[in-house]
Structures are given as structure tokens and as C-alpha cells.
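Spelled out, the chains give:
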Amino acid sequence: MKWYLKVWKQYADFKGRARRKEFWMFVLFNMIAVSAISIFDYILFGSYVVYYIYALAAFIPSLAVGVRRLHDTGKSGWWMLINLIPLVGLIMYLLYMCEEGYIGNNQYGENPKEQDNTSNNNIDNNNNSNQDEYNYIKI
């Protein structure tokens, strides 16, 4: 859920890079939200008004996370236009989204995996001191 919210916090941020996990978790939670909203919207109102409002609101963040994901693979955001080619474009787009990102920095910014690992290591280092004491006492 944090990845879904992260994309909404970066609503129209087309700069930088996005991990595969960030992209695919957004896609998953977005599909769940769309399904739930459309079902409840139809049951409650007999139409899809709320669904369309959500779809319009989610359009920009979806584009932004897609562009950042392409940046992670070293491609320009303009590659999103490949979706306009029927069938072949969608297949190529899905392949690009599944591709592992560049290791290290590229022209679009720092590797988001390294940024996440650095913040996790800081948390782990704080927890390791307590864990070492626990293991010492346990032995």
C-alpha cells in the first residue's frame, strides 16, 4: 500500500526513476480500487460517475509512474507513446515495465533500489545493535 500512496504523493512528478515494485504495486492496487469503485458505483448509483472521476484523477499519476519506470530502464518517457501501436506496442510496453532497471545512476537520476537499500540499512543498523545484544544473551 505504501507504493500506491507514494505514487499519489508524486502526483505529476515525471522526473526521476521508479522501481519495478513501485510500478507493479501501483498497478495492482489501482486495479483493485477501480474494480471496487466500479462495482459499488453501479450498485449505489446505477451508473459509473464515481468510477470516471477516479479514472480521471488516476490518469496523471499512472502516466507519471510509467514514465519514471521507463527512466529506470534508461528509456525516455516518450516511449509511452509505443502504446498507440495496436498489440505490438502493448507487448513491448509490458516488456519494458518488466525489465530490470539500470544498476547505479543514469541520466534520469539515482538508482531507486540503492536509495531504498540505504534507508533500510540505516534502520537495520539501528536494530542490529539490539539484535547482537540479544544473540549474545541468548548464547
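Residues numbered from 1 in each chain as written. Predicted model: local features only at pLDDT ≥ 70, side-chain atom pairs only at ≥ 80, totals over all residues. Heavy atoms only, no water.

1. Observations concerning the pattern of salt bridges
So, point 1. Scanning all chains against the criterion turns up six salt bridges.
So, point 2. Note that Lys6 is salt-bridged to Glu22, the shortest N-O span being 3.2 Å. Of this pair, Lys6 sits in helix α1 (residues 2–9) while Glu22 sits in helix α2 (residues 20–45), placing them 16 residues apart in sequence.
So, point 3. Looking at Glu22, the relative accessible area reads 1%, which means it is buried.
So, point 4. Linking Arg17 and Asp72 is a salt bridge whose minimum nitrogen-to-oxygen distance equals 2.8 Å. Linking Arg17 in the loop between α1 and α2 with Asp72 in helix α3 (residues 49–72), this pair joins segments that are 55 residues apart in sequence. Grouping residues by exposure puts Arg17 and Asp72 together as buried.
So, point 5. Look at the salt bridges and you will find they share partners, linking Lys6, Glu22 and Arg68 into a network. (Salt bridge = Lys/Arg side-chain N within 4 Å of Asp/Glu carboxyl O. Helix = DSSP H or I, 4+ residues; strand = E, 2+ residues; numbered from the N terminus. Buried < 20%, exposed > 50% of the residue type's maximum accessible area, 1.4 Å probe, protein only.)

2. Here's the deal with the side chain of Arg17
So, point 1. For Arg17, a relative accessible area of 7% gives the class buried.
So, point 2. Among the polar contacts made by the side chain of Arg17, one reaches the main-chain carbonyl oxygen of Tyr102 at a distance of 2.7 Å.
So, point 3. Only 2.8 Å separates the side chain of Arg17 from the backbone oxygen of Gly104, close enough to count as a polar contact. (Polar contact = N/O pair within 3.5 Å; in protein donor to acceptor, adjacent residues only side chain to side chain.)

3. With respect to the packing of α3 against helix α4 (residues 88–98)
So, point 1. Their axes nearest at 9 Å, the elements α3 and α4 cross at an angle of 65°. Classified by the interaxial angle, the pair formed by α3 and α4 is roughly perpendicular. As α3 packs across α4, the resulting crossing turns out to be left-handed. Between α3 and α4, the residues in contact are Gly66, Arg69 and Leu70 and Tyr93, Tyr96, Met97 and Cys98, respectively.
So, point 2. Per-class residue counts for the contact of α3 with α4 are five nonpolar, one polar and one charged. (Axes fitted to C-alpha atoms, helices over the stretch in contact; angles between N-to-C directions. Parallel < 35°, antiparallel > 145°, perpendicular 65-115°, else oblique. Left-handed = near helix turned anticlockwise from the far one by under 90°. Contact = heavy atoms within 4.5 Å. Nonpolar A, V, L, I, M, F, W, Y, C, P; charged D, E, K, R; others polar.)

4. Thoughts on unusual backbone geometry
Residues other than glycine predominantly adopt negative phi, and peptide bonds predominantly adopt the trans conformation.
So, point 1. You will see that Leu87, though not glycine, has its phi angle at about 60°, which is positive.
So, point 2. Along the chain, the position of Leu87 falls in the loop between α3 and α4.
So, point 3. Residue classification places Leu87 among the exposed residues on the basis of a relative accessible area of 62%.

5. Overview of the environment of Met97
So, point 1. Relative to the helices and strands, Met97 resides in helix α4.
So, point 2. Considering only alpha carbons, one finds Met97 and Val67, 30 residues apart in sequence, at a separation of 9.9 Å.

6. A closer look at α2
So, point 1. In this model α2 runs 36 Å from its N-terminal to its C-terminal C-alpha over 26 residues, within 8% of the 38 Å that 1.5 Å per residue would give.
So, point 2. Of all the residues in α2, the buried ones are Glu22, Phe23, Phe26, Asn30, Ala33, Val34, Ser38 and Asp41. (Expected span 1.5 Å × (residues − 1).)

7. Observations regarding a nonpolar patch on the surface
So, point 1. The grouping of Ile39, Phe40, Ile43, Leu44, Phe45, Val49, Val50 and Ile53 at the surface amounts to a nonpolar patch, some 860 Å² of accessible area in total.
So, point 2. Among the elements of the structure, α2 and α3 are those that each provide at least two residues to the nonpolar patch.
So, point 3. Tallying contributions element by element places α2 first for the nonpolar patch, with five residues.
So, point 4. Mapped onto the elements of the fold, Leu44 is located in helix α2.
So, point 5. Given a relative accessible area of 63%, Leu44 falls into the exposed group. (Patch = residues over 30% accessible without salt bridge, like charges linked within 9 Å, V, L, I, M, F, W, Y side chains within 5 Å. Areas by Shrake-Rupley, 256 points an atom, 1.4 Å probe, with all protein chains shown as cover.)

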